[in-house]
Amino acid sequence: IHDFYSLSFREQPIFSTRAHVFQIDPNTKKNWVPTSKHAVTVSYFYDSTRNVYRIISLDGSKAIINSTITPNMTFTKTSQKFGQWADSRANTVYGLGFSSEHHLSKFAEKFQEFKEAARLAKEKSQEKMELTSTPSQESAGGDIQSPLTPESINGTDDERATPEVTQNSEPRAEPTQNALPFTHSSTISKHWEAELATLKGNNAKLTAALLESTANVKQWKQQLAAYQEEAERLHKRVTELECVSSQANAVHTHKTELNQTIQELESTLKKKEEEIEGLKQEIDNARELQAQRDSLTQKLQEVEIRNKDLEGQLSDLEQRVEKSQNEQEAFRNNLKTLLEILDGKILELTDLRNNLAKLIDCS
């Protein structure tokens, strides 16, 4: 984050776009975890001081992407609108979801371009390191062209003995002639002493360079092993992502089917809701009918009670009528008996009249 806040002083954005940012789940290493709630600006930055390219994105004041582009990085398009790359330094995999295939292709082109620029910058940097780590191998007697070996740095036994042999044999180069002047011999001795001191200095420099080169070689071997291990891990990761991509296609198909099913279920749910509304209305009507039924039931009970009372009264009336009828029948029978008696009396009176009339006629 501290490096990011110094961008305005040494880094400038050279390409920007907008995308949804994701990171691989550190636990499962399979699922994507969104790090931005919406599309944010994703920019390429160039650091002219360190000659590096970086991908940076902010969500508010939070840096959700801060990835330095290295030559061994690869940007992979996993779909028409989604791409990803692995950052071994951040120990994560970044994913970007774009609004169109054109934006994805443009971002991928810039990634490849800046990756190549990072590779060239790294090669130039390595060349400078080699030039600075390898000191000048020139000596007074000429250039040393042999490789850096212990024999070439320290010299072989014959080479290390050469100055002393030359120094001892130079004054007696011509034993048959007169000896050289003492001043000439002293000059040659000083020359070889200076030469020996130069060789010792070069020897120390070359030894230090060898040690530094050896250390650099070990470091480069370690880095190479780390890069190879990272390459193997990325290869496995690519294989896993290819499997995930195939699974993603299946998931996409399944998602489409689920969307169709959801739409069907929504339409069915809508129909069910309409049916529920109808049932609610029917329930309300049924409640009203129930209330009316209860009211009618209560009235019916009241009517039944009144009916029972009326039935009791009717029974009493029937009994009274029946009694009255019986009395009338008895009265009628009595009347009939009286009529029959009266008829008998009338007949007797008639016979008596007739007899009296006959008597009167006879007399």
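In this text, all values refer to a predicted model and were calculated from it rather than measured experimentally. (Residues numbered from 1 in each chain as written. Predicted model: local features only at pLDDT ≥ 70, side-chain atom pairs only at ≥ 80, totals over all residues. Heavy atoms only, no water.)

S.K.: Please explain the overall build of the chain as it appears in this structure.
M.R.: Helix and strand counts for the chain stand at six helices and 10 strands. Evaluated residue by residue, the chain yields a buried proportion of 20% over its 363 residues. Counting contacts in the chain only where the partners sit at least 6 residues apart, residues at least 24 apart contribute 53% of the total. Accessible surface computed for the chain: about 27100 Å², of which carbon and sulfur atoms make up 54%. (Helix = DSSP H or I, 4+ residues; strand = E, 2+ residues; numbered from the N terminus. Buried < 20%, exposed > 50% of the residue type's maximum accessible area, 1.4 Å probe, protein only. Contact = heavy atoms within 4.5 Å. Areas by Shrake-Rupley, 256 points an atom, 1.4 Å probe, with all protein chains shown as cover.)

S.K.: Even after reading the chapter, I still don't get the confidence of the model for the chain, so can you show me in this structure?
M.R.: Reading fine detail from the predicted coordinates is not recommended where pLDDT is low. The share of residues in the chain with pLDDT of 70 or more is 81%, and the mean pLDDT across the chain is 78. The weakest mean pLDDT in the chain belongs to helix α4 (residues 150-154) at 35; the strongest belongs to strand β7 (residues 82-87) at 94. Under a pLDDT of 50 for its full length, residues 1-9 has, in the predicted model, nine contacts with residues more than four places off or in other chains. (pLDDT = per-residue confidence, 0-100.)

S.K.: Sorry if this is basic, but what is going on with the packing of aromatic side chains here?
M.R.: Aromatic rings in a pair are described by how distant their centres are and how their planes are angled relative to each other. Inspection of the entire model under this criterion finds 14 aromatic pairs. Taking 6.0 Å as the distance between ring centres and 45° as the angle between the ring planes, the aromatic pair formed by Phe15 and Tyr44 counts as tilted. Of the two residues, Phe15 is situated in strand β1 (residues 11-24) and Tyr44 in strand β3 (residues 40-47); the sequence distance between them amounts to 29 residues. The buried category is assigned to Tyr44, whose relative accessible area is 0%. (Phe/Tyr/Trp six-rings, centres within 6.5 Å; stacked < 30°, edge-to-face > 60°.)

S.K.: How should I be thinking about a nonpolar patch on the surface in this particular structure?
M.R.: Taken together, the side chains of Phe331, Leu335, Leu338 and Ile341 present a nonpolar region at the surface, about 390 Å² in accessible area. Tracing the backbone through its elements, the reader meets Ile341 in helix α6 (residues 182-362). Its relative accessible area of 45% is what places Ile341 among the partly exposed residues. (Patch = residues over 30% accessible without salt bridge, like charges linked within 9 Å, V, L, I, M, F, W, Y side chains within 5 Å. Salt bridge = Lys/Arg side-chain N within 4 Å of Asp/Glu carboxyl O.)

S.K.: Would you mind showing me how to read the pairing of strand β5 (residues 62-68) here?
M.R.: Remember that side chains alternate between the two faces of the sheet whenever the strand is regular. Pairing between strand β4 (residues 52-59) and β5: six bridges, direction antiparallel. Note on β5: the bridge partner recorded for Ile56 is Asn66. (Pairing = 2+ DSSP bridges.)

S.K.: Where do I start with the pattern of salt bridges in this structure?
M.R.: It is possible for side chains bearing opposite charge to pair when their charged atoms get close. Applying the stated criterion to the full structure yields six salt bridges. Between Arg119 and Glu116 there is a salt bridge, with the nearest N and O atoms lying 2.2 Å from each other. Here Glu116 and Arg119 lie together in helix α3 (residues 101-133), a separation of three residues that amounts to about one turn. Owing to a relative accessible area of 30%, Arg119 belongs among the partly exposed residues under this scheme. Glu123 is paired through a salt bridge with Arg119; the nearest N and O atoms lie 2.5 Å apart.

S.K.: I keep staring at the nonpolar core and nothing clicks. Help me out?
M.R.: Nonpolar side chains tend to gather and get buried jointly when the protein is soluble and globular. Tyr44, Ile55, Ile65, Trp85, Leu96 and Phe107 are the most contacted members of the largest nonpolar core, which totals 23 residues. Among the elements of the structure, β1, β3, β4, β5, β8 (92-97) and α3 are those that each provide at least two residues to this core. A total of six residues in this core trace back to one element, the largest contributor, which is α3. (Core = buried A, V, L, I, M, F, W, Y, C linked by side-chain atoms within 4.5 Å.)

S.K.: I tried to follow unusual backbone geometry on my own but got confused; where do I start?
M.R.: For residues other than glycine, phi is negative in most cases, and the peptide bonds are mostly trans. In this structure, Asn51 takes a positive phi of about 60° despite not being glycine. Structurally, the position occupied by Asn51 is in the loop between β3 and β4. Residue Asn51 is classed as partly exposed on the basis of its relative accessible area of 32%. With phi around 55°, Asn91 is a residue other than glycine that occupies positive phi space. Relative to the elements of secondary structure, Asn91 occurs in the loop between β7 and β8.

S.K.: What am I meant to see in the pairing of β8 here?
M.R.: In terms of residue burial, β8 counts as a mostly covered element, since six of its six residues are buried. Where burial is concerned, the two faces of β8 agree: the one with Thr92, Tyr94 and Leu96 and the one with Val93, Gly95 and Gly97 are both buried. Note: β7 against β8, six bridges, orientation antiparallel. Bridging from a neighbouring strand, Gly83 pairs with Leu96 of β8.

S.K.: Looking at this structure, how should I read the side chain of Ser43?
M.R.: As for its placement among the helices and strands, Ser43 is situated in strand β3. When its relative accessible area of 6% is taken as the criterion, Ser43 is described as buried. Looking at Ser43, its side chain comes within polar contact range of the side chain of Ser16, at 2.7 Å. Aside from chain neighbours lying at most four places away, what touches Ser43 is Pro13, Phe15, Ser16, Arg54, Ile55 and Ile56. (Polar contact = N/O pair within 3.5 Å; in protein donor to acceptor, adjacent residues only side chain to side chain.)

S.K.: Teacher, can you tell me more about the environment of Ala19 here?
M.R.: Position of Ala19 relative to the elements: it lies in strand β1. For the pair formed by Ala19 and Ala39, sequence separation is 20 residues and the distance between their alpha carbons is 4.8 Å. Setting aside its immediate chain neighbours within four residues, Ala19 contacts His38, Ala39, Val40, Val42, Leu96, Gly97 and Phe98.

S.K.: Explain the side chain of Thr92 here, please?
M.R.: Topologically, Thr92 is positioned in strand β8. Filtering out sequence-adjacent residues up to four positions away, Thr92 remains in contact with Gln23, Ile24, Ala86 and Asp87.

S.K.: Explain the environment of Ala90 here, please?
M.R.: By secondary structure assignment, the location of Ala90 is in the loop between β7 and β8. For Ala90, a relative accessible area of 36% gives the class partly exposed. Taking C-alpha positions, Ala90 is 8.5 Å from Asn66, a pair spaced 24 residues apart along the chain.

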